[in-house]
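The chain contents come next:
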Amino acid sequence: MIAKIGNGKSTAGLIRYLFDTKKAKDHADPHLVASWDGFAPDPGRADDFDATKKRLVADLDLRVKQARRLGRAPERHVWHCSIRAAPGDRHLTDAEWADIARRVVAATGIAPEGDPDGCRWVAVRHADDHIHIAATKVRGDLRTARHWNDYLKADKELAAIEKEYGLKHVVRGDRTAAKRPTRAEAEKARRTGKTQTSRERLRTTVRQLVSLATSPEEFLHLLDGVEGVLVDVQHFPSGDVRGYKVAVEGDTNAAGEPIWFSGAKLAPDLSFPKIRERLTAIDAPPAAEPGSRRRPNPWHQATAAAEHILHHLDHGDDEAAQAHIAALGEAIDVLPLLAPSHLRPHLQQAAVAFERATRSRIRAQQDQARALRGAVRALRTAPVISDGSGLAMFLDIAVLIVIATARWHQARRHDQQVAAAHQTLAHLQTAYRQAAAGPLAALAQRQPPARAMERHAQRILVILPDHAQQVLDDPAWPALAAVLTEAENAGHDPEQLLQRAARHRTLDDARSTARTLTWRVQRLAARQAPSARARAAQARTSVAARAAQHGQTPSSPSQPGLAAPARHR
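Below is a short write-up of the structure.

Rules used throughout
Residues numbered from 1 in each chain as written. Predicted model: local features only at pLDDT ≥ 70, side-chain atom pairs only at ≥ 80, totals over all residues. Heavy atoms only, no water. Helix = DSSP H or I, 4+ residues; strand = E, 2+ residues; numbered from the N terminus. Buried < 20%, exposed > 50% of the residue type's maximum accessible area, 1.4 Å probe, protein only. Contact = heavy atoms within 4.5 Å. Areas by Shrake-Rupley, 256 points an atom, 1.4 Å probe, with all protein chains shown as cover. Axes fitted to C-alpha atoms, helices over the stretch in contact; angles between N-to-C directions. Parallel < 35°, antiparallel > 145°, perpendicular 65-115°, else oblique. Left-handed = near helix turned anticlockwise from the far one by under 90°. Nonpolar A, V, L, I, M, F, W, Y, C, P; charged D, E, K, R; others polar. Pairing = 2+ DSSP bridges. Phe/Tyr/Trp six-rings, centres within 6.5 Å; stacked < 30°, edge-to-face > 60°.

**Let's talk about the overall build of the chain**
Piece 1. Along the chain, the regular secondary structure elements total 21 helices and eight strands.
Piece 2. Within the chain, the proportion of its 569 residues that are buried is 51%.
Piece 3. Considering only contacts in the chain between residues 6 or more positions apart, those separated by 24 or more positions represent 73%.
Piece 4. With the model as given, the accessible surface of the chain reaches about 28,000 Å², and the carbon-plus-sulfur share is 50%.

**Describing the packing of helix H15 (residues 415-444) against helix H20 (residues 513-525)**
The relative placement of two packed helices is expressed as an angle between their axes plus a distance between the axes.
Piece 1. At a closest axis distance of 12 Å, the pairing of H15 and H20 adopts a crossing angle of 70°. By the angle between their axes, H15 is roughly perpendicular relative to H20. Note that H15 runs across H20; the crossing there is left-handed. Within the contact between the two elements, H15 uses Tyr432, Ala436, Pro439, Leu440 and Leu443 and H20 uses Arg515, Thr518, Trp519 and Gln522.
Piece 2. In terms of residue class, the contact of H15 with H20 is built from six nonpolar, two polar and one charged.

**Comments concerning the sheet that holds strand E7 (residues 241-248)**
Piece 1. One open sheet holds the three strands; their spatial order is E6-E7-E8, and the pairing between them is antiparallel. Two strands lie at the open edges of the sheet, namely strand E6 (229-235) and strand E8 (261-262), each paired on one side alone.
Piece 2. In this sheet, E8 lies alongside E7 in antiparallel orientation, the contact comprising two bridges. Each bridged residue has a counterpart across the sheet, and for Lys245 the counterpart in E8 is Ser262.

**A look at the pairing of E6**
Piece 1. Sheet topology places E6 next to E7; seven bridges connect them, and they run antiparallel. Looking at the pairing, Val233 lines up with Tyr244 of E7.

**Some words on the packing of aromatic side chains**
Piece 1. Inspection of the entire model under this criterion finds three aromatic pairs.
Piece 2. Note on Phe219 and Tyr244: the rings are 5.5 Å apart at their centroids and 75° apart in plane angle, and the pair reads as edge-to-face. Of this pair, Phe219 sits in helix H7 (residues 216-224) while Tyr244 is found in strand E7, placing the two residues 25 residues apart along the sequence. Grouping residues by exposure puts Phe219 and Tyr244 together as buried.
Piece 3. Ring plane angle 65° and centroid distance 6.2 Å describe the contact between Trp299 and Phe394, whose orientation is recorded as edge-to-face. Of this pair, Trp299 sits in helix H10 (residues 298-315) while Phe394 sits in helix H14 (residues 389-411), placing them 95 residues apart in sequence. For the pair Trp299 and Phe394, a shared accessibility class is recorded, and that class is buried.

**Observations concerning the environment of Gly6**
Piece 1. The residue Gly6 is located in strand E1 (residues 2-8) in this model.
Piece 2. In this structure, the C-alpha to C-alpha distance between Gly6 and Arg76, residues 70 residues apart in sequence, is 10.0 Å.
Piece 3. Excluding anything up to four places from it in sequence, Gly6 contacts Val78, Trp79 and His80.

No statement about biological role is implied by the geometric values presented.
If you want it as structure tokens, here you go:
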């Protein structure tokens, strides 16, 4: 069930609308189902409709007129709450709707249960699936009703009603969602042939620029350079930036003035103070490893940084986890700017959907995601590698993190965020399949000889017994074998790489374990290969760990296909 609450000045105007059967097509049989005392006059069931309607308005306004004589009546004295059942719910009886109305006015403070001085109200039903509650906000003691946070209180009561009545559970928000375009904005976009309203276009633009910028100053500089967007930056008397507002060039009001949107009107996290907080919590991208001449691969760095989100979601505090989810949102925001054109539509839809999952009532501890934000900014100078493997690698881990994000929100009953994460997942998975097809096919063509395949298969059986058969039956198995062979030829220990790649519990979430392992092994193998002495030490550690696990002595490895470690003097 969904409630909508508003306030007005005219009791007569609201009652006239609720009982109108000419202009409103869904007002088939308007009638009262409940009232403050159970005896309110019902115009819908009276012989003299007009006279009864006037009596009802007079009864509702009685205390308002009394308070007005004393100068104590609020100007907007009308309280209006509509309650609608979800599509597919059974039709409730008048008695059931009456019970719901009484519970809502009690919960919101309009007419608390057992309070003889509660406000006067009526519940009108004129359709099968909803009712309207009309009340005047002056109590019997001529004080104004205390109905603060009435929407949240009504929503909480309706959630309980859904459960008790066996109705559909409606996804609920927490007032952290971005404001939707108004009906007028949507109609204007439709008339002008645009697929987005100005508000939606500007929100997307600003979010993408935040994901690119490395400082608040750079954000404003990038924003000022966007074609077709007007920017107005406000300053304090000291000269410091106070805020900003943006408008789409050519989008004007009746007076010909630009229609401006402040950052906060675009989304709660796009106000300038919130942007400044995020952009001052960024680390420089990771530098090259000491002694290595290789230039760090930004896609690999971003993927490695993103993998840490999983730890924060499982073991970190809520504030740090929320910050990492927001940082992941920045990474998803930037992907449409970097990806090939055929992937952009799904990536853009993923970014729009995930935007809702990046905010909740939990305040993000932004400095906890410094490294990830730095790695994301490094992507802006990185082309999507010629074979597309970097983007596919990042999308693979992003899919797993979005799955974990949905679980994290669900555990905290963030309903809208869970729904947003699920929508994001569908678009990301489609983009990933398209992005990964080419790189995986190219790797499969480099499938190693049969003896090498057998050695790798034995390693899979030993290191990943729970996933081994799934990996070996996967169409991506030849690609995994190819990256293992190439890593071995570059001086890496394939067994060590597999063990490191398999440490993440997210293999349980992967649709294709072989593909996920392929990207992880490829990323790990891109690092400088260890020296012979380091490989020997790693091998001794690995054999000792397996021996301890199986109750064997370290000097007698028993695993098939594994040679004893070489000894160096």
